[in-house]
Amino acid sequence: MSDGNHVLAANGLQVYFRVKVGGKRANVRAVDGVTLGLERGVSTGVVGESGSGKTTLGKALMKLVKPTAGSVLFKGKDVSKLSRSEFKEYRRSVQMVFQDPFDSIDPLFTVHDAVAEGLRILGVYSDRAELDQTVYRALETVRLVPAEDYAKRRITSLSGGQRQRVGVARAIAMNPEVVILDEPVSMLDASVKGEIINVMGQLKLEGKTFMMITHDISTVRFFTERVAVMYLGKVVEVGPTDEVVNEPLHPYTQALVAAVPVPDPSQKVKSLAQGEIPNAIAPPPGCRFHPRCPLAQEICRREEPLLREVRPGRYAACHFAQ
Ligand code: SF4
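Per an unreviewed UniProt entry, the protein goes by the name ABC transporter domain-containing protein and belongs to Candidatus Marsarchaeota G2 archaeon OSP_D.

Engineer: What exactly am I supposed to notice about unusual backbone geometry here?
Structural biologist: Across residues other than glycine, the phi torsion is negative in most instances, and most of the peptide bonds are trans. Cis geometry marks the peptide bond from V145 to P146, where omega comes out at 0°. With respect to the helices and strands, the residue P146 is situated in the loop between α5 (128–141) and α6 (147–152). Look at K63: it is not a glycine, yet its phi comes out positive at around 60°. With respect to the element layout, K63 can be found in the loop between α1 (54–61) and β4 (69–74).

Engineer: Even after reading the chapter, I still don't get the nonpolar core, so can you show me in this structure?
Structural biologist: One broad trend across soluble globular proteins is that nonpolar side chains are buried collectively. Ranked by internal contacts, the top residues of the largest apolar core, which has 41 residues, are V115, L139, I155, V166, V168, L181 and M200. Sorting the residues of this core by element identifies α4 (111–122), α5, α6, α7 (160–172), β7 (178–182), α8 (190–205) and β8 (209–214) as the ones contributing at least two each. Residues within four places of I155 in sequence aside, it is in contact with I105, D106, P107, F109, T110, V111, A114, R163 and V166. L13, V15, L61 and Y315 belong to the second largest nonpolar core, which has 31 residues in total.

Engineer: Is there a simple way to explain empty space enclosed by the protein in this structure?
Structural biologist: The gaps left among the atoms become clear once a water-sized probe is rolled over them. Taken as a whole and assessed by the stated rule, the structure comprises one cavity of 30 Å³ or more. Looking at the largest cavity, its volume works out to about 80 Å³. Partitioned by chemical class, the residues of the lining of the largest cavity number ten nonpolar, two polar and no charged.

Engineer: What should I look at first to understand the packing of α4 against α5 in this one?
Structural biologist: Helix-helix packing is described using two parameters, namely the angle between the two axes and the distance between the axes. Where α4 contacts α5, the two axes come as close as 10 Å, and the packing angle between them is 115°. As α4 packs across α5, the resulting crossing turns out to be right-handed. In contact with V111, H112, V115, A116, L119 and R120 of α4, α5 contributes R128, L131, D132, T134, V135, A138 and L139. A breakdown of the residues in the contact of α4 with α5 according to their chemical character gives eight nonpolar, two polar and three charged.

Thresholds, definitions, all that
- Residues numbered from 1 in each chain as written.
- Predicted model: local features only at pLDDT ≥ 70, side-chain atom pairs only at ≥ 80, totals over all residues.
- Heavy atoms only, no water.
- Helix = DSSP H or I, 4+ residues; strand = E, 2+ residues; numbered from the N terminus.
- Core = buried A, V, L, I, M, F, W, Y, C linked by side-chain atoms within 4.5 Å.
- Buried < 20%, exposed > 50% of the residue type's maximum accessible area, 1.4 Å probe, protein only.
- Contact = heavy atoms within 4.5 Å.
- 1 Å grid on protein atoms, 1.4 Å probe; cavity = no way out; pocket = protein on both sides within 12 Å on 5 of 7 lines; lining within 4 Å.
- Points joined across faces, edges and corners; volume = space filled by probe spheres on them.
- Nonpolar A, V, L, I, M, F, W, Y, C, P; charged D, E, K, R; others polar.
- Axes fitted to C-alpha atoms, helices over the stretch in contact; angles between N-to-C directions.
- Left-handed = near helix turned anticlockwise from the far one by under 90°.

Shown next, in the form of structure tokens:
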């Protein structure tokens, strides 16, 4: 699931964080052997509970955290081995929109400063006029108009929804090929959510490749064509979004889908899988989901199921998926 056809890919990626527990050193296995490719022009969702490793995966693909093992491939090349000019191209081409627009944008910035920051750092403009035009175009794309007026405003004068539009604008100002969205609408009101999703839908039509990290199956169903489900640092299911949501093969995906609220007050919302997500310092042996899985058998406690193609284009890491 990772080859030269993918614009960006994780290849056997591991990201461990060193921590101290009771005076002893230990590893938090945030991402633990993920292979996942993003097809050009296709939007891929990455879903899972908090603690599943999805945000760390996004940051590793952006090279914001260092892999412990494995590699990140940009157009088939290991990003740690890119030449200076290739790395600059990767930096421009892969952008991220963060969850919290209050945290991810310097409050001392004007809107122009925020949108122009990446362009300035990489020096990808010839003069001030070109820089201004690029900033205005990006603001118009996210419908912060008149762009010249918004560009002068302080970040602190904007609402949460407007700040998140600036977050999207600063990513697209770089003219990226891939945009990684980390829970981009989770902190926004329902009305503003729709607006931001529509803006990004427009960018999809322009052929951008998106990776959307979220715990929200409804948003993934609406926005993406493919989805990967993560559990405790591993991908447990991958496939076309419609098929995965309508007929999940892995018991964890089944629990995630069953927990999606339905707009019918007479129907009870089922809770997510029993218990809490286990500690990523010492994941359960065998299948990591076995302590919470209603279908667990003896083999599940002993043998880790590999991610395998269960049906054409459908992958699941469960001994019994078929
Ligand atoms: Fe459940 Fe066993 Fe499948 Fe894991 S391998 S998801 S424990 S049935």
